[in-house]
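Chain residues, written in single-letter form:
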Amino acid sequence: MAFRVLLRAIRCAAPDASLSRDQYARLEAIGAALQYGEFVVDFVRYLVED
């Protein structure tokens, strides 16, 4: 549950923030370890810098 709150905070509290590819990969790894589906972390995918 705390991981989902973290993702929501990233999205809502800092709408102009960005994530590096490494940060996003770490979030994906945590989501996989918690056995969340890909849609949970994908919630913040749009913040990844290109």
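Relevant structure appears above.
Before going into details, it helps to say that this report is about the structure given with it. Predicted model, so just to flag it, every value in this text is computed and none were measured.

Quick look at the packing of aromatic side chains now. Taken as a whole, this structure holds one aromatic pair when the rule is applied. Between the aromatic rings of phenylalanine 3 and tyrosine 36, the centroid separation amounts to 6.1 Å while the plane-to-plane angle is 10 degrees, which identifies the pairing as stacked. Here tyrosine 36 lies in the loop between α2 (21–33) and α3 (38–41) and phenylalanine 3 lies in helix α1 (residues 2–13), a separation of 33 residues in the sequence. With a relative accessible area of 8%, phenylalanine 3 lands in the buried category.

Bringing α1 into the picture now. Here α1 spans 15 Å end to end across twelve residues, near enough to the 16 Å set by a 1.5 Å rise per residue. Within the span of α1, buried status applies to Phe3, Leu7 and Ile10. The arc that holds every buried residue of α1, seen down its axis, measures 60 degrees, which confines them to one face. In α1, the exposed residues that point more than 90 degrees away from the buried face are Ala2, Arg8, Cys12 and Ala13. Where α1 is buried, its residues contact α2 and α3.

What counts, and where the lines are drawn
- Residues numbered from 1 in each chain as written.
- Predicted model: local features only at pLDDT ≥ 70, side-chain atom pairs only at ≥ 80, totals over all residues.
- Heavy atoms only, no water.
- Phe/Tyr/Trp six-rings, centres within 6.5 Å; stacked < 30°, edge-to-face > 60°.
- Helix = DSSP H or I, 4+ residues; strand = E, 2+ residues; numbered from the N terminus.
- Buried < 20%, exposed > 50% of the residue type's maximum accessible area, 1.4 Å probe, protein only.
- Expected span 1.5 Å × (residues − 1).
- Arc of directions from axis to C-beta.
- Contact = heavy atoms within 4.5 Å.

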